[in-house]
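Read off the chains here:
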Amino acid sequence: MSGVGNTVVTLPNGVKMPQIGLGVWQSAAGEATENAVKWAVQAGYRHIDTAPLYENEESVGVGIRDCGVPREQIFVTSKLWNADHGYENTLAAFEKSRKELGLDYIDLYLIHWPRGNAIVAKEGKKYLDSWRAFEKLYEEKKVRAIGVSNFNIHHLEDVLAMCKVAPMVNQVELHPLNNQAELRKYCASKNIYVEAWSPLGQGNLLADPQLTSIAAKHHKSAAQVILRWDIQHNIITIPKSVHKERIVENAQVFDFELSAEEMATIDAMNTNHRYGPSPDDADF
């Protein structure tokens, strides 16, 4: 898939991050995840996104080692889970992820969730202590870039008010029914890249008539149209699949372009509908 590995965004610190990656949420540990990683790399992907919650970091590491491409050419993201918030806990959790992956460094490390308002009211804004640990990891070059996930504007404001190194990425649920326009505008103003998880709406959007109509005009699938919409909005995107043909298909989005009218049609689909929890309401 020509172009996938070379289609990058440049983070504020100059690190190049491939704009399309393979997500492995709900990919079973072992052969399923190992093969998905290898198939993705064969298809041109150079970006793999995992997390301790997914229980497949070790399998991602095996796939990377077996894929035939040098490690330094693969951009690897992992995350800090909610139970590990706090300065010392964060440092320990990072080391555990690094060992599970079998890597000397991680390219991007994200705070997975800020935790919901009720938990924060009870326990405090532990994500700020975690961010100080992220800055230490960054300064020690154990990570090439640092960021957050599922942070709303008020969470980002908290971090930006105290940080020495600002978040470079904010990974959030983002798809045509929840296009995060306000958050994207805010992040752009702060030089924070937005990354989409569940970009295909967990598969729920693939039969949408507006998307399939646009797809037919381009001889593409609805999934490819959504991913192209991400690309044209300068959104980093990580579609998940363990099926080789889907992994390959999801990479084939650089040989067509959506018109301004088609982009506007997809933008207008927004209803702020989430398939996952709202960050402010998350109770885990």
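For clarity, every value in this text was computed on a predicted model and none was experimentally measured.

Digging into the layout of surface pockets
Any empty space left between the atoms is revealed when a probe the size of a water molecule rolls over them. Roughly 690 Å³ of volume is contained in the largest pocket. Around the largest pocket sit 36 residues that line it, and Trp25, Gln26, Ser198, Gln202 and Lys240 are the ones nearest its centre. Where the lining of the largest pocket is concerned, the elements lending two or more residues are helix H9 (222–232) and helix H10 (244–251). Looking at which element gives the most residues to the lining of the largest pocket, the answer is H10, with 3 residues. Of the residues assigned to the lining of the largest pocket, the class counts are 18 nonpolar, 14 polar and 4 charged.

Focus on empty space enclosed by the protein
A complete count under the given rule lists 2 cavities of 30 Å³ or more for this structure. Lining of the largest cavity is provided by His85, Pro114, Arg115, Ile119, Val120, Glu123, Gly124, Lys125, Lys126 and Tyr127. For the lining of the largest cavity, the secondary structure elements donating two or more residues are helix H4 (117–123) and helix H5 (126–139). The greatest single-element share of the lining of the largest cavity, amounting to 3 residues, is contributed by H4. Along the lines of polarity and charge, the residues of the lining of the largest cavity split into 4 nonpolar, 2 polar and 4 charged. Taken as a whole, the second largest cavity holds about 30 Å³ of empty space. For the second largest cavity, the full set of lining residues is Asn150, Phe151, Asn152, Val172, Glu173, Gln180, Leu183, Arg274 and Pro279. Taken together, the residues of the lining of the second largest cavity sort by class into 4 nonpolar, 3 polar and 2 charged.

Observations concerning the sheet that holds strand S5 (residues 75–80)
Taken together, 8 strands build an open sheet; the order of strands is S3-S4-S5-S6-S7-S8-S9-S10 and the sheet is parallel. Looking along the sheet, the strands with just one partner apiece sit at the ends: strand S3 (22–23) and strand S10 (236–237). Pairing of strand S9 (residues 193–197) with S10 involves 2 bridges; the strand directions are parallel. In the sheet register, Glu195 faces S10, and the bridge partner there is Ile236. Contacts between H5 and the sheet are confined to S5, strand S6 (106–111) and strand S7 (143–149), with S7 contributing the most and set at about 165° to the helix.

What counts and how
Residues numbered from 1 in each chain as written. Predicted model: local features only at pLDDT ≥ 70, side-chain atom pairs only at ≥ 80, totals over all residues. Heavy atoms only, no water. 1 Å grid on protein atoms, 1.4 Å probe; cavity = no way out; pocket = protein on both sides within 12 Å on 5 of 7 lines; lining within 4 Å. Points joined across faces, edges and corners; volume = space filled by probe spheres on them. Helix = DSSP H or I, 4+ residues; strand = E, 2+ residues; numbered from the N terminus. Nonpolar A, V, L, I, M, F, W, Y, C, P; charged D, E, K, R; others polar. Pairing = 2+ DSSP bridges. Contact = heavy atoms within 4.5 Å. Axes fitted to C-alpha atoms, helices over the stretch in contact; angles between N-to-C directions.

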